Amino acid sequence: MTFLNVSLAAGTAACLIPLIIHLLSRSRLKVIDWGAMHWIESAVETNARRIQWHSLLLLLVRCMIPITLALCLARPVLTVWKSPGSQDRANVVWLVDDSYSMHAPALVDGQASSRTGLEQSLTEIRKIITGMGAGTQHSIFTIGAAPVNITGGGSVDWPAASGFLNSIPGGAGACRMVDSLSAAATANGQANQPRRLIVLVSDFQQSQWEDVLDSTLLTIGERYKSMPIAPQVVLLPMSTQAAGNLSVACMSQETAVIGVGQSIDITTSIRNHSSSVITKLPVAISADHQELSTKFVDIDRQSQTQVSVSCQFDSVGSHVVSFKVADAASIRADDAAHFPVRVVDQIKVLVIADQLSSPAKGAIEEEYLRFALAPFASGRTAGRDLVQVSFLEPSSVSSEALEPFTAVLLGDMTNLNPALADWLRPYVVGGGTLLIFPGDQQQVAWCNSQLGSDNAILPFRFGAPTTVENKIGPANEINLGQRVSRQIYSHPALGLFNERENGDLTSAEFFRWLRLEPLVTTTDSSPKRSATGTMNSASPPTVLVSLDNGDPLITERKIGHGTVIQFACELNDQSSNLVSRPMFLPLIQQLVLVSTFSVAEAHRVETGQDFVVRLSDVARQEINSKTTTAKKNETTKSGRVTFHNAVIVTPTGLRQHLDIIREASADWIKYPAARVPGVYTFEFGSTAASATKVEYLVAANVPDESNLERLPRERLEKIAELLGAEVVSTASEFLQTERQRRNGKEIWPYLLILVVVLLFTELIIQQRQARTTA
Amino acid sequence: MPTPSQLLDVRDRERVAKLQLLAREVVDGLTVGMHSSPHKGFSIEFKEHRPYVRGDEVRSLDWKLYAKTDRLYIRQYEEETNLRCILLVDQSGSMAYAGSRSAGVSKHEFSVRLAACLATMLIGQQDAVGAVTFDTSVRRFVPARSKPTHLHNLLECFASSRAGGETSLASVLTEMHPKLDRRGLLVLISDCFDDVTSLLKTLTFFRHARNEVLLFQVSDQDELDFPFRDKTQFRSLEQPARNRLVDAKRLRDDYLEKVTAFKNELSAGCARLHVDLVPCTTDQSPSQVLSSYLGARGRAK
């Protein structure tokens, strides 16, 4: 404890005054020679303790009054709350929740105000920043969708910080709290100031925190504590009105790819978070922003309903289907759900197989694949296939020959081309899809050696063949062979088969297959990283379908932008009856289409994730025609160039130029961390003013973000405890706490109250004694 | 200390001369006086008639009644004797207290004057009077005599007494018990600052011996209402080493409670033993106290 007016503390010596008075009064005694001493002594026995207690208490109170008054005037400051180094300059990392749930009306004194929660939180932050004054550096992160440092990656002083706060529009997707807290730790670690603070300003929705484990929070808290300068963590919850809200979310998570004239069913889920029943809610459905229809639905309280629509498109390209409800009373960001649909004309698939050397076998395989990929053309029937199939012998393949094709299927090959592996690898990394079917021993050995060794792209090595002998058993019983194990398929290409009416994978029987064994990685078997960065990485292999005995049947590995799908079974009727089953056709088509469109590109993402778009040929022509020679040279050197004729328009109307990344003979656009949910329009054309070509990209909101229920106070305190944080309610409380940290706490008001209390106590004791003696 | 002649002023002497002390109970006396005797005999005070029985003296027959009723009755008389009184005067240290409202008269002085009044009155009606002064033990003993010249001895005994020493009433009365071989009146003049239980126990012996006991409890008014207000150091008159510093104002209630308890205990004990308790304070006149008591006693009889 320290004093601001130390000299006045000497006034505590005034406590001697009552003592002196007491002693003086003792010295002026009256002495009486008394006869009835036994009565005096008898009375004193019962009275003495009470008298002594009263006297001592009165003396104590009288001594305390001048002491307390002197201490009060000396303005004592309790330094218990003072933090080490609290006088030093501070760096504050602000984690500002700008998710769209913060657009709910703020609660001020328990009443809903006209300001949103975000506006209220920004006001509070400005008060704090102003209150902390100059000398404090601020790093401001918006944590909606993904943590982003809006102060340019560094920190700024308070006038600049206030300016950055004005640039937060809000309406971002759901927060990733763990990422945000980790980002704050990183930013704090890079600060130069000797004192660090992390302030999390959020509405603390229950949905934001229910997936965050206590162990994770504890780990983050430990990380904070173990930092060279441990930051002080403050949680500033903003009260927003948790009234009823309507939210719309698409059921499907993948981009739909259909052909021209094909129809697609799109289902959306509408949830009523309020406690009242909603009747005849109009749901407006539109395609490419043109209204299609309006449906009316009834939704019970705290429940959801579904709305479906069937669409078909006549033009090739990107389309978007939107569902929108009228919910003017609450948050608007979740009142619409969008679903991108990609309508393709035809995709080109190349089958590399040896047709001539083994006519019978090759012809059969070719027919099966041709039938599966292009059923209309194979059946000589009317209709337009999505896939255009071409066949090449291995000897005819070249690097340039692969480029036009979006997928390559390796069938049975005898005339092996040694350079084929060198061409396939960059093809896959660049976004191509490669399906590998085992052939004879020579081809299997080639695959293992060329595709499964150095820079392997093969998911697994082909092992020894396994055969189920005799299709007909001794008692004329049919030997059924091995079947596919029944399971729920999580892969988007196989999700179709989770419903029996779309085909049953378990109906196929397998009599001969190759065991798939893990790759022997004597050296780094992953493809080398390209010069352009991270897009060239390889993921671990996954088993998509396995047999009843546990042997993998179909496996997958993502390499760069592309995908390699490996079959363990040959495509002929000797090895299995798969090719004769009805689901063979959708199986092969789904594997080719979904792998081609869903893996390489990301047209529909959750907020906070990156859009990845592969430029179409049209767009490539535009870039080639409009980019200057200097830019082309720059592109060649760095693989990156600004595409001035194309912009991406965010849901808030912001237009941003994008960089083109050339990699593995393809051009890519990557839009980092789509923050705001909604439709992002990628426009390019001859002039910026009259963009003609459009790609629709959709950032979907997380449905839970629309649930405005707040975290219970107990849980909030638990989180604070795990993080080693403290919870403050307002900017004033924060600044008061901050002042206490810096200077300690002035306690003179409490001492003044104590003086008054002591005076009253003295009065009461005296009154009591007077009553006693009266 | 006053001389014997100073003990009674003119007014006291006049008032005492008019007083007559009548003992409530019969006492044995050596001389015929104004007090009734239990012995039936030849006195002129008729008591009662009773039927004649064989063996009765013939001379005690009431012939006049025989003539009227034709039956034999014996005539009985009360014998009148003189009173044998012992005055016990407390001269312990506590009796030296003289309060602010007693005009400088200490309890001891008041007691001596009261005793002188009694002695003068009793000698004047030809009763035998003795005196005892005591503190923890008997300091002086004057046997009972009825001669008028004996009054001087008594007054001289009172005048020479000095207050001092502690109080031990019970032991003094126990010591005096064998010396009072005949029934009579025992007058105890004291502040009774002793253990009440043992005092009453000792008085019980006297009452069993058919003595009449009269107790003058002498107090100073200060002792009864404790008028002190400030912090005061009280020093014992009996043991000067004993002193107590108290806040008189705060102690008063407890003190008065003790006094009341003492008075209640003493009066209850005296009533039980049929002892006349006469509380008196030093701001009163001894003759006034005496006349009030005797008046009340006469009315009671």
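Basis of the calculations
Residues numbered from 1 in each chain as written. Chains lettered and ligands numbered in written order. Predicted model: local features only at pLDDT ≥ 70, side-chain atom pairs only at ≥ 80, totals over all residues. Heavy atoms only, no water. Helix = DSSP H or I, 4+ residues; strand = E, 2+ residues; numbered from the N terminus. Buried < 20%, exposed > 50% of the residue type's maximum accessible area, 1.4 Å probe, protein only. Contact = heavy atoms within 4.5 Å. Areas by Shrake-Rupley, 256 points an atom, 1.4 Å probe, with all protein chains shown as cover. Core = buried A, V, L, I, M, F, W, Y, C linked by side-chain atoms within 4.5 Å. Arc of directions from axis to C-beta. Axes fitted to C-alpha atoms, helices over the stretch in contact; angles between N-to-C directions. Parallel < 35°, antiparallel > 145°, perpendicular 65-115°, else oblique. Left-handed = near helix turned anticlockwise from the far one by under 90°. Salt bridge = Lys/Arg side-chain N within 4 Å of Asp/Glu carboxyl O. pLDDT = per-residue confidence, 0-100. Buried area = accessible area lost by both parts, 1.4 Å probe. Polar contact = N/O pair within 3.5 Å; in protein donor to acceptor, adjacent residues only side chain to side chain. Nonpolar A, V, L, I, M, F, W, Y, C, P; charged D, E, K, R; others polar. Pairing = 2+ DSSP bridges. Expected span 1.5 Å × (residues − 1).

Visitor: Summarise the overall build of chain A; cite the residues concerned and give the values.
Guide: Secondary structure summary: chain A contains 18 helices and 38 strands in total. Across the 774 residues in chain A, those meeting the buried criterion constitute 51%. When contacts within chain A are restricted to residue pairs at least 6 apart in sequence, those whose partners lie at least 24 apart make up 74%. Summing over all exposed atoms, chain A offers an accessible surface of approximately 34800 Å²; the carbon and sulfur share of this is 53%.

Visitor: Account for the overall build of chain B, naming residues and giving values.
Guide: Along its length, chain B carries ten helices and ten strands. Intrachain contacts of chain B at a sequence separation of at least 6 include 75% that bridge at least 24 residues. Here chain B has roughly 14400 Å² of accessible surface; of this, 50% comes from carbon and sulfur atoms.

Visitor: Mind laying out the side chain of Ser99 of chain A, listing which residues take part and the relevant values?
Guide: Residue and element names in this part refer to chain A. Along the chain, Ser99 falls in the loop between β4 (90-96) and β5 (105-108). Overall, Ser99 belongs to the buried group, its relative accessible area being 1%. Discounting chain neighbours no more than four positions away, the residues touching Ser99 are Gly144, Gly171, Ala172, Gly173, Ala174, Cys175, Gln205, Gln208 and Glu705.

Visitor: Which residues make up the nonpolar core, and what values do they have?
Guide: Leu409, Phe510, Val545 and Val592 of chain A are the most contacted members of the largest nonpolar core, which has 47 residues in total. Looking at this core, the elements with two or more residues in it are β19 (347-352), α8 (359-373), β20 (387-392), β21 (407-410), β27 (542-546), β28 (552-559), β29 (562-567) and α13 (584-599) of chain A. Sorting elements by how many residues they give to this core places α13 of chain A first, with seven residues. Those residues within four positions of Phe510 of chain A in sequence are excluded, and the remaining contacts are Val468, Gly481, Gln482, Val484, Leu547, Leu553, Cys569, Ser575, Ser576 and Leu578 of chain A. Trp34 of chain A together with Ile86, Leu200 and Leu256 of chain B belong to the second largest nonpolar core, which has 46 residues in total.

Visitor: Can you explain helix α16 (residues 713-723) of chain A? Please cite residues and give values.
Guide: Residue and element names in this part refer to chain A. All of the buried residues along α16 are Leu716, Ile719, Ala720, Leu722 and Leu723. Along the axis of α16, the buried residues cluster in a sector spanning 165 degrees; they form a single face. Within α16, the exposed residues directed more than 90 degrees away from the buried face are Glu714 and Glu721. Looking at the residues trailing α16, positive phi occurs at Gly724, about 70 degrees.

Visitor: Any details on the packing of helix α3 (residues 117-132) of chain A against helix α17 (residues 731-743) of chain A? Residues and values, ideally.
Guide: Residues and elements named next belong to chain A. Relative orientation of the contacting elements α3 and α17 amounts to 25 degrees, with a least axis distance of 9 Å. Between α3 and α17, the interaxial angle falls into the category roughly parallel. For the crossing formed where α3 meets α17, the hand is right-handed. Packed against α3, whose contacting residues are Glu124, Lys127, Ile128, Gly131 and Met132, the element α17 presents Ala731, Phe734, Leu735 and Glu738 at the interface.

Visitor: Pulling in residues and values, what's your account of the pattern of salt bridges?
Guide: Throughout the structure, instances matching the rule amount to 23 salt bridges over all chains. Between Arg140 of chain B and Glu156 of chain B there is a salt bridge whose closest N-O contact spans 2.6 Å. With a gap of 16 residues between them, Arg140 of chain B in strand β5 (residues 138-145) and Glu156 of chain B in helix α5 (residues 150-159) connect regions that are remote in the sequence. Look at the salt bridges and you will find they share partners, linking Arg483, Glu509 and Arg581 of chain A into a network.

Visitor: Account for the confidence of the model for chain B, naming residues and giving values.
Guide: All names here are of chain B. Overall, the predicted model of chain B reaches an average pLDDT of 79, with 82% of residues at or above 70. In the model, residues 15-33 has pLDDT below 50 throughout and makes 70 contacts with residues more than four positions away in sequence or in other chains. Contacts from residues 37-44, a stretch scored under 50 in pLDDT, to residues over four places away or in other chains number 20 contacts.

Visitor: Can you explain the interface of chain A and chain B? Please cite residues and give values.
Guide: Across the contact, 27 residues belong to chain A and 28 residues belong to chain B. Together, the buried faces of chain A and chain B total about 2900 Å²; carbon and sulfur atoms form 64% of this surface. Put simply, Arg242 of chain B and Glu41 of chain A hold a salt bridge, and the shortest N to O gap is 2.5 Å. In this structure, the connection of chain A to chain B is made through seven residue pairs in polar contact (both at pLDDT 80 or more). At the level of elements, α1 (16-27), β2 (30-34), α2 (37-73) and α18 (748-773) of chain A are the ones that each hand at least two residues to the side of chain A that touches chain B. The leading source of residues in the side of chain A that touches chain B is α2 of chain A, at 13 residues. Its residues assigned to classes, the side of chain A that touches chain B comprises twelve nonpolar, ten polar and five charged. Direction of pairing for β2 of chain A relative to strand β8 (residues 231-236) of chain B: parallel, over a ladder of five bridges. For Ile32 of chain A, the partnering residue across the bridge sits in β8 of chain B and is Phe234 of chain B.

Visitor: Hey, could you go over the sheet that holds strand β1 (residues 2-3) of chain A for me, with residue numbers and the actual values?
Guide: Residue and element names in this part refer to chain A. With antiparallel pairing, three strands are arranged side by side in an open sheet as β1-β3-β38. Edge strands, defined here as strands with exactly one partner in the open sheet, are β1 and β38 (745-746). Of the pairings in the sheet, the one linking β1 to strand β3 (residues 76-78) comprises two bridges and is antiparallel in character. Looking at β3, one finds that Thr2 is bridged to Val77.

Visitor: Residues and numbers for the sheet that holds β8 of chain B, please.
Guide: Taken in spatial order, the three strands line up as β2(A)-β8(B)-β9(B) in an open sheet, and their pairing is mixed. The open sheet is flanked by β2 of chain A together with β9 (243-247) of chain B, the only strands paired with a single partner. Across the sheet, the axes of successive neighbouring strands diverge by a mean angle of 30 degrees, strand direction being ignored. The sheet contacts of helix α9 (residues 248-273) of chain B involve β2 of chain A together with β8 and β9 of chain B, and relative to β9 of chain B the element is tilted by about 100 degrees.

Visitor: Residues and numbers for helix α7 (residues 214-226) of chain A, please.
Guide: Residue and element names in this part refer to chain A. Here α7 is 13 residues long and its end C-alpha atoms lie 18 Å apart, about the 18 Å a rise of 1.5 Å per residue gives. All buried positions along α7 are accounted for by Leu217, Ile220, Gly221 and Tyr224. Angularly, the buried residues of α7 cover 100 degrees about the axis, an arc narrow enough to put them on a single face. Across from the buried face of α7, at angles greater than 90 degrees, the exposed residues are Thr219 and Ser226. The inward-facing, buried residues of α7 abut α5 (177-189), β9 (195-202), α6 (206-209), β10 (232-237) and α16.

Visitor: Tell me about the pairing of β27 of chain A, and name the residues and values.
Guide: All names here are of chain A. Taken together, the four bridges between β27 and β28 define a ladder with antiparallel strand orientation. Counted as the bridge partner of Ser546 is Pro552 from β28. Between the end of β27 and the start of β28, which pair antiparallel, lie five residues, with Gly550 showing a positive phi angle near 95 degrees.

Visitor: Describe unusual backbone geometry, and please don't skip the residues or the numbers.
Guide: The phi dihedral of Lys280 of chain A falls on the positive side, at around 50 degrees, and the residue is not glycine. With phi around 60 degrees, His274 of chain B is a residue other than glycine that occupies positive phi space. Relative to the helices and strands, His274 of chain B is located in the loop between α9 and β10 (276-281). Classification of His274 of chain B by relative accessible area gives exposed; the value is 55%.

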